[in-house]
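# Per-entry structural report
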Amino acid sequence: MGQTKRKLREGKPALGGWVMTGHPVIAELMAGEGFDWICVDMEHTATDYASFQSVAQALGRYDCDLLARLQDCDPVQAKRVLDAGADGIIVPMVNTAEQARRAVAMAKFPPDGIRGVAFSRASDYGRGFQEYVRDHNANVIVAVMLEHIEGVRNADAILSTSGVDAAFIGPYDLSCSMGLPGQLDHPEVISAQAEILAACLRHGVAPGLHVVQVAPERIRRSIEQGFRFIACGLDTEFIIHSSRAILEGNRDNG
Ligand code: 3PY
Ligand code: MG
């Protein structure tokens, strides 16, 4: 079992980096700084499976779990990223218990799920087949995204689904679904997030949050609030902000 799942089980924060660029070097740079996990976003990017596999290969020498955010609750996508070496999946827009059951099933081999076996990279091309299949269902991380008000209403049913390790709030989609796009500090959005957090605690699921516009104090606040599976920003945001900070005040001096 990787460190992320172990930390979540122990109620400890597991901090993740978020890769929009799909580039293995970016993922390596972030993993080398000590993130517990890296997520490659395949929902809102052009990242394909070959790039995902390159990231998996690049992260091999780091003690850092690799997750993929899928485009949808789709068994084909889950199969392909897990075969490439993902340690888990983040499934967007899980609004019902049925979708949550599907998310778990597509991540696990029978008898717990429906994932097909293969001599893929994940099992060292078959050389580690028996061991991989034996341990996988216990090791894989299944995070469902609660990012729609319908998901908030169904939070108890979703989070009582066996095999869901973490509930991951997408604050932007959540705010949009409430007619409050991007108003993350609106009391109704804050209260919807608090409902998800409380449902997580009721069902023993790790509460997660994507702090998209990241600052160290926002991560600290999220941990204090009780969130444990926390994505810290985006690689693209890191590059924007460091570029801006360097140029600010120096642009006219050259
Ligand atoms: C959202 O805020 O909707 C997200 O999906 C963040 O990952
Ligand atoms: Mg979203």
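Details of the structure are given in the entry above.
In this report, we go over the structure that sits alongside the text.

Turning our attention to the coordination of the magnesium ion (ligand 2). Donor atoms from the polypeptide that bind the magnesium ion (ligand 2) are Glu147 (OE) and Asp173 (OD), placed at 2.1 Å. Of this pair, Glu147 sits in the loop between strand S5 (141-146) and helix H7 (149-153) while Asp173 is found in helix H9 (residues 171-177), placing the two residues 26 residues apart along the sequence.

Per the stated rule, a full pass over the model turns up eleven salt bridges. A salt bridge links Lys5 to Asp165, with the nearest nitrogen and oxygen atoms 3.4 Å apart. Within this pair, whereas Lys5 is found in helix H1 (residues 3-9), its partner Asp165 is found in the loop between helix H8 (155-159) and strand S6 (166-169), the two being separated by 160 residues in sequence. Take Lys5 and Asp165: they sit in the same class, and that class is buried. Linking Arg69 and Glu43 is a salt bridge whose minimum nitrogen-to-oxygen distance equals 3.0 Å. On the criterion of sequence distance, the pair formed by Arg69 in strand S3 (residues 65-69) and Glu43 in the loop between strand S2 (37-41) and helix H3 (49-58) is long-range, its members being 26 residues apart.

With that out of the way, let us pick up the sheet that holds strand S8 (residues 229-232). Strands sit in the order S1-S2-S3-S4-S5-S6-S7-S8 around a closed barrel of eight strands; the barrel is parallel. If you compare each strand with its neighbour and ignore which way they point, the axes differ by 25° on average. The pairing of S3 with strand S4 (residues 88-91) spans three bridges and is parallel. Across the sheet, the residue bridging to Arg69 is Ile90, located in S4. In the packing of helix H5 (residues 97-107) onto the sheet, the strands contacted are S4 and S5, and the crossing angle to S4 comes to about 155°.

For the coordinates displayed, the defined rule picks out one cavity of 30 Å³ or more. The volume enclosed by the largest cavity comes to roughly 30 Å³. Lining the largest cavity are Met42, Tyr49, Leu70, Gln71, Gln77 and Val81. Its residues assigned to classes, the lining of the largest cavity shows four nonpolar, two polar and no charged.

The buried count for S5 comes to six of six residues, which makes it a mostly enclosed element. Alternating positions in S5 separate into two faces, Ile141, Ala143 and Met145 on one and Val142, Val144 and Leu146 on the other, with burial throughout. Bridge analysis of S4 against S5 gives four bridges, and the strand direction is parallel. When the bridges of S5 are listed, Ile90 appears paired with Ala143. In terms of strand pairing, S5 meets S6 through four bridges, oriented parallel. Its bridge partner lying in S6, Ala143 is registered against Ala166.

Turning our attention to unusual backbone geometry. Omega for the bond connecting Pro110 with Pro111 falls within 30 degrees of zero, at 10°, which places this linkage in the cis form. Positive phi, normally seen in glycine, also occurs at Asp124, with a value near 55°. Its place among the elements puts Asp124 in the loop between H5 and helix H6 (129-139). Residue Asp124 is classed as partly exposed on the basis of its relative accessible area of 36%. Here Tyr125, not a glycine, exhibits a phi torsion of approximately 55°, which is positive. Topologically, Tyr125 is positioned in the loop between H5 and H6. Since its relative accessible area comes to 45%, Tyr125 is described here as partly exposed.

Rules and cut-offs
- Residues numbered from 1 in each chain as written.
- Chains lettered and ligands numbered in written order.
- Predicted model: local features only at pLDDT ≥ 70, side-chain atom pairs only at ≥ 80, totals over all residues.
- Heavy atoms only, no water.
- Donors = N, O, S within 2.8 Å, 3.2 Å for Na, K, Ca; no water.
- Helix = DSSP H or I, 4+ residues; strand = E, 2+ residues; numbered from the N terminus.
- Salt bridge = Lys/Arg side-chain N within 4 Å of Asp/Glu carboxyl O.
- Buried < 20%, exposed > 50% of the residue type's maximum accessible area, 1.4 Å probe, protein only.
- Pairing = 2+ DSSP bridges.
- Axes fitted to C-alpha atoms, helices over the stretch in contact; angles between N-to-C directions.
- Contact = heavy atoms within 4.5 Å.
- 1 Å grid on protein atoms, 1.4 Å probe; cavity = no way out; pocket = protein on both sides within 12 Å on 5 of 7 lines; lining within 4 Å.
- Points joined across faces, edges and corners; volume = space filled by probe spheres on them.
- Nonpolar A, V, L, I, M, F, W, Y, C, P; charged D, E, K, R; others polar.

From the geometry alone we can't say anything about function, so treat these as descriptive.
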